[in-house]
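# Topology and contacts: notes
What follows is each chain in one-letter form.
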Protein chains: 2
Amino acid sequence: MSTQEIPYKIFLTEDEMPKAWFNVRAEMKQKPAPLLNPATRQPVTLDELSQVFCRELAMQELDDATPFIPIPQPILDFYKMYRPSPLTRAYFLEKALGTPAHIYYKFEGNNTSGSHKLNSAIAQAYYAKQQGLASITTETGAGQWGTALSMACSFFGLKCHVFMVKCSYEQKPQRREVMRTYGAQVTPSPSNTTDVGRAILAAHPDTNGSLGCAISEAVETAIKTPNCRYTLGSVLAQVLLHQSIIGLETQQALKKYNIKPDIIIGCAGGGSNLGGLISPFVAEKLRGESDCKIIAVEPASCPSLTRGRYAYDFCDTGRVCPLAKMYTLGCDYIPSPSHAGGLRYHGMSSVVSELYDQGLLEARSVTQVEVFAAARQFARVEGTLPAPESSHAIKVAIDEALKCKETGEAKNIVFGLTGTGYFDMYAYQRFNDGEMTDYIPTDEELEAAAANLP
Amino acid sequence: MSTQEIPYKIFLTEDEMPKAWFNVRAEMKQKPAPLLNPATRQPVTLDELSQVFCRELAMQELDDATPFIPIPQPILDFYKMYRPSPLTRAYFLEKALGTPAHIYYKFEGNNTSGSHKLNSAIAQAYYAKQQGLASITTETGAGQWGTALSMACSFFGLKCHVFMVKCSYEQKPQRREVMRTYGAQVTPSPSNTTDVGRAILAAHPDTNGSLGCAISEAVETAIKTPNCRYTLGSVLAQVLLHQSIIGLETQQALKKYNIKPDIIIGCAGGGSNLGGLISPFVAEKLRGESDCKIIAVEPASCPSLTRGRYAYDFCDTGRVCPLAKMYTLGCDYIPSPSHAGGLRYHGMSSVVSELYDQGLLEARSVTQVEVFAAARQFARVEGTLPAPESSHAIKVAIDEALKCKETGEAKNIVFGLTGTGYFDMYAYQRFNDGEMTDYIPTDEELEAAAANLP
């Protein structure tokens, strides 16, 4: 194994790091549908969007024409603290599976946020600081995004208020403390600090909370607080733009060793990691330069791509955000509390949804017990303990590698290992104790949740 | 900042990774004192030591003459999953301090064990497997070593039984679950599964446990279990040998950019990370090639170097292990429960102790509130959330950088960032809430603890 030409970890040098983000929308003939103002049902304007997001980010959100957007130098400097991230050859996993496939994973977990979320957090905090804001708000589910934003705000000296989905707040006090260590204020959601939180609590006093609900609270707080804006860790086109650094680095690392990917796999909740990873490869497909297969993997308990509808829907439970056209289960859909980890958002990024609708990627759903089995198998041979979210991609990478074992094909399989599972040990414990169960919504449940689509 | 010639992270290539460990004892004229058989008070023999440790490791323990010991290829392959580790230039910390000093840290936390411990764990598991053992035992305090050994055993298909200091077992259920995910059996210590555990529980029913006590239980279990041996994560010369990869990589990374270190700083509990980091640099000093200052940093609550005696003592509370000559507080010394994190061992590696006695390094003790303040300051500017242990080194690195600010000297300060604090959020919470206190033992307490030295 030591004589292999390809190293275990392909590191780019800092000089090789991308200097611009890639906006895949610029290369799409059929663009993603625009965000709509929920009141007028007309496309949102820059001015409207700038009430919620800071202006530079609102501009990025609406820009579907500029292919490359330069990364400001302070963000590049921050990136250098943890980037370029390694593209790792999973030699040990290949050996354990006995597959002729070559498996690579882009590992985004080598930073304190434990995930890729920091790539967009630092950008959003930077533009907020540039605009002279005093504070920003956000929501967090599994906690990775809240941690990332806390780190970014601490770096630029911005106040940060995080609404953390209640069940996660209670299961993960460590996450909360990391955020507090970076100076953030953390509120379990739903809370009685907002109108929408109070309304949800009145209607559902025992709710565990949801991402859609926490978004509503964070948006309301941003609007009501002077010199404050809201930020979001996934779903939006601006976030996919920032996350394109994952795909650009992956593309460059593969080129360095003349490797052509046959299959690219990413887990998908709101779509930020997946969208960022696949953007440059989708562009190659759009240009007819590649026919690689792209697979989005989602939890069977929250199957927006595989079982949702492609329609306009609210991004949040409180229905205060713009409408987005996306594959959605309906903004009232809340995954079963038995579902561990993230990827529990009711909809899917408009960009990813449109690419999916155009047939540029396929989607699979997997159940969580098989996901944790894949996670443990991976951890034991590759060393790294993966986040439950990332393990959705691992599961399908293993499936594809085993298919190669049957056919004898030495395919190049690339997947995104978005983060580490250090703060998910409660879920691992349930798995280790044999107490984890699967939950797959019935057609009737999904029907009911989608009944209120706007 | 972006125009600096030295990158944020100096990565060696996999080809540049050391192929042999460095045994600093080979270059010492006055060797560390030998381990003694506690019954005969004669130097332990290879055969005696091989009853407790596997034979190859016992040989390494006794070998004070061979300067370089080749790293077996399977260990080199495993190392490549997370090594070479980056030597990071702390540009942001320098800027925040306003110091002319150049600060570098060797970051060993980029692996699931969260620390440098994996460097020795994989070696110890490998030699155990080579010898045909079925299982190994160990103890763990903060949990880093237990996690590392669990990962290593899982990789080689060995059973692993970890005795975890009780207060840590209770404060860090996440650590326990990581170990279980890698297939280890974890028992809180003291336990009623061993004679020594039962005796300690009978004498001190409410004890929180200690590292010395957990060692005794792990040794007893190893001796009584067929085809099983004991392993230790620090203190021993073999562990320092394996950890020398930290220092060798650091030396090579510095040479790559023609940087001469003026000050090298490491935290010190049992001495493994410190010994590994400084070994090649001590050798340069012994050869008269360098006059760099080396500083060991220990907690004021467990001050073996700064306030201990240089004498033969037991390595464990149960007094079943060989005697080692070391700076020690007495094997009955148990740090205050208010002390967070690791570095709570009563003695110091014989190698480090002898180097200290010869004046090749100096020692400082720091209190934990100032350590956590340094940790938080570091986290907020450098991104990475450090382990409490590692933060002892951060504290002194900041002190030295601030001295440079006064004198205007652009010294090169290098410190070991041994690990991350993901599993120490309970301690961070106490600090964040202003509830953390300092504990410094009185002379009388130390006097009493040292009264029973053998």
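As a starting point, this report considers the structure included with it. (Residues numbered from 1 in each chain as written. Chains lettered and ligands numbered in written order. Predicted model: local features only at pLDDT ≥ 70, side-chain atom pairs only at ≥ 80, totals over all residues. Heavy atoms only, no water.)

### What about the interface of chain A and chain B?
The interface of chain A with chain B comprises 45 residues on the first partner and 45 residues on the second. Here chain A meets chain B over a buried area of about 4,100 Å², counting both sides, of which 55% is carbon and sulfur. Summed over the three residues of chain A that lose the most area to chain B, namely Thr181(A), Arg380(A) and Tyr422(A), the buried surface amounts to 17% of that side. Between Arg180(B) and Asp433(A) there is a salt bridge; the shortest N-O distance is 2.6 Å. Linking chain A with chain B are 28 residue pairs in polar contact (both at pLDDT 80 or more), by the criterion used here. For the side of chain A that touches chain B, the secondary-structure elements that each account for two or more residues are helix 3 (73-79), helix 6 (144-156), helix 8 (173-181), helix 15 (368-382) and helix 17 (425-432) of chain A. Residue contributions to the side of chain A that touches chain B peak at 6 residues, all from helix 8 of chain A. Counted by class, the side of chain A that touches chain B contains 20 nonpolar, 13 polar and 12 charged residues. (Contact = heavy atoms within 4.5 Å. Buried area = accessible area lost by both parts, 1.4 Å probe. Salt bridge = Lys/Arg side-chain N within 4 Å of Asp/Glu carboxyl O. Polar contact = N/O pair within 3.5 Å; in protein donor to acceptor, adjacent residues only side chain to side chain. Helix = DSSP H or I, 4+ residues; strand = E, 2+ residues; numbered from the N terminus. Nonpolar A, V, L, I, M, F, W, Y, C, P; charged D, E, K, R; others polar.)

### Considering empty space enclosed by the protein
Inspection of every chain in the model, using the stated rule, returns 11 cavities of 30 Å³ or more. What the largest cavity holds in volume is close to 560 Å³. The residue inventory of the lining of the largest cavity, partitioned by class, reads 22 nonpolar, 16 polar and 4 charged. (1 Å grid on protein atoms, 1.4 Å probe; cavity = no way out; pocket = protein on both sides within 12 Å on 5 of 7 lines; lining within 4 Å. Points joined across faces, edges and corners; volume = space filled by probe spheres on them.)

### Thoughts on the nonpolar core
Core analysis: the largest hydrophobic core is formed by 240 residues, its most contacted members being Trp21(A), Ile265(A), Phe415(A), Trp21(B), Ile265(B) and Phe415(B). With residues near it in sequence (within four places) discarded, Phe415(A) still touches Ile103(A), Tyr104(A), Tyr105(A), Lys106(A), Ile265(A), Leu277(A), Phe378(A), Ala393(A), Ile394(A) and Ala397(A). (Core = buried A, V, L, I, M, F, W, Y, C linked by side-chain atoms within 4.5 Å. Buried < 20%, exposed > 50% of the residue type's maximum accessible area, 1.4 Å probe, protein only.)

### Quick look at the pattern of salt bridges
Per the stated rule, a full pass over the model turns up 51 salt bridges over all chains. Between Glu289(B) and Arg287(B) there is a salt bridge, and its shortest N-O distance comes to 3.3 Å. Taken together, the shared-partner salt bridges connect Lys293(A), Glu362(A), Arg364(A), Glu400(A) and Lys403(A) into one network.

### Let's talk about the sheet that holds strand 4 (residues 87-89) of chain B
Residues and elements named next belong to chain B. One open sheet accounts for 7 strands, arranged 1-4-5-15-10-11-14; its pairing is mixed. Two strands lie at the open edges of the sheet, namely strand 1 (9-10) and strand 14 (362-366), each paired on one side alone. With 3 bridges connecting them, strand 4 and strand 5 (residues 102-107) associate as antiparallel partners. For Arg89, the partnering residue across the bridge sits in strand 5 and is Tyr104. Packed onto the sheet, helix 16 (residues 388-407) meets strand 5, strand 10 (263-267), strand 11 (293-299), strand 14 and strand 15 (412-417) and runs at close to 170 degrees relative to strand 15. (Pairing = 2+ DSSP bridges. Axes fitted to C-alpha atoms, helices over the stretch in contact; angles between N-to-C directions.)

### Quick notes on the state of the cysteines
Residue and element names in this part refer to chain B. Overall, the coordinates contain 0 disulfides over all chains when judged by the stated rule. Sulfur of Cys213: no disulfide; nearest cysteine sulfur belongs to Cys167 and is 11 Å away. Taking relative accessible area as the criterion, Cys213 reaches 3% and is therefore assigned buried. Not part of a disulfide, Cys331 finds its nearest cysteine sulfur in Cys315, a span of 9.2 Å. Residue classification places Cys331 among the buried residues on the basis of a relative accessible area of 3%. (Disulfide = S-S within 2.5 Å.)

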